Amino acid sequence: MNIDNSVDELGLTRQFLEIAACPACHSGFAVDYERAELICVNADCALAYPVRDGIPVLLVDQARSTR
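Residues numbered from 1 in each chain as written. Predicted model: local features only at pLDDT ≥ 70, side-chain atom pairs only at ≥ 80, totals over all residues. Heavy atoms only, no water.

Visitor: So what's going on with the overall build of the protein chain? Residues and values would help.
Guide: Broken down by element type, the protein chain carries 1 helix and 5 strands. Its C-alpha radius of gyration of 12 Å places the protein chain within 12% of the 11 Å reference for a compact globule of 67 residues. With the C-alpha coordinates of the protein chain rotated into their principal frame, the extents come out at 40 × 25 × 15 Å. Within the span of the protein chain, comprising 67 residues, buried residues form 28% of the whole. The contacts of the protein chain with a sequence gap of at least 6 include a subset with a gap of at least 24, amounting to 22%. The averaged location of the 10 negative side-chain charges in the protein chain is 6 Å from the averaged location of its 5 positive side-chain charges. (Helix = DSSP H or I, 4+ residues; strand = E, 2+ residues; numbered from the N terminus. Rg over C-alpha atoms; globule rule 2.2 N^0.38 Å. Buried < 20%, exposed > 50% of the residue type's maximum accessible area, 1.4 Å probe, protein only. Contact = heavy atoms within 4.5 Å. Lys, Arg positive; Asp, Glu negative; His and termini not counted. Charge placed at Lys NZ, Arg CZ, Asp CG, Glu CD.)

Visitor: Can you tell me about the packing of aromatic side chains, naming the residues and giving the values?
Guide: Aromatic ring pairs: the centre-centre distance and the angle between the two ring planes describe each pair. Summed over the entire model, instances satisfying the criterion amount to 1 aromatic pair. Relative to Tyr 49, the ring of Phe 29 has its centre 5.7 Å away and its plane inclined at 80°; by these criteria the two rings are edge-to-face. Highlighted residues: Phe 29 in strand E1 (residues 29–32) and Tyr 49 in strand E3 (residues 47–52), separated in sequence by 20 residues. Of the two residues examined, Phe 29 and Tyr 49, each falls in the buried class. (Phe/Tyr/Trp six-rings, centres within 6.5 Å; stacked < 30°, edge-to-face > 60°.)

As far as function goes, none of this settles anything; it's purely spatial.
Printed below as a string of structure tokens:
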């Protein structure tokens, strides 16, 4: 079993990014490293969730709209 435990500059693992889903629509995420956010890839949803101290805050009421 080969698990990549390396973390990116926000403190997120590749494994987490592969399984993480938007709580609002269940789509995947793109990472915005400059804003430290996970962006929902569903254009109809397009919520941006903050990553604070390496912890994604996946709460809809904490997300901002990118539209």
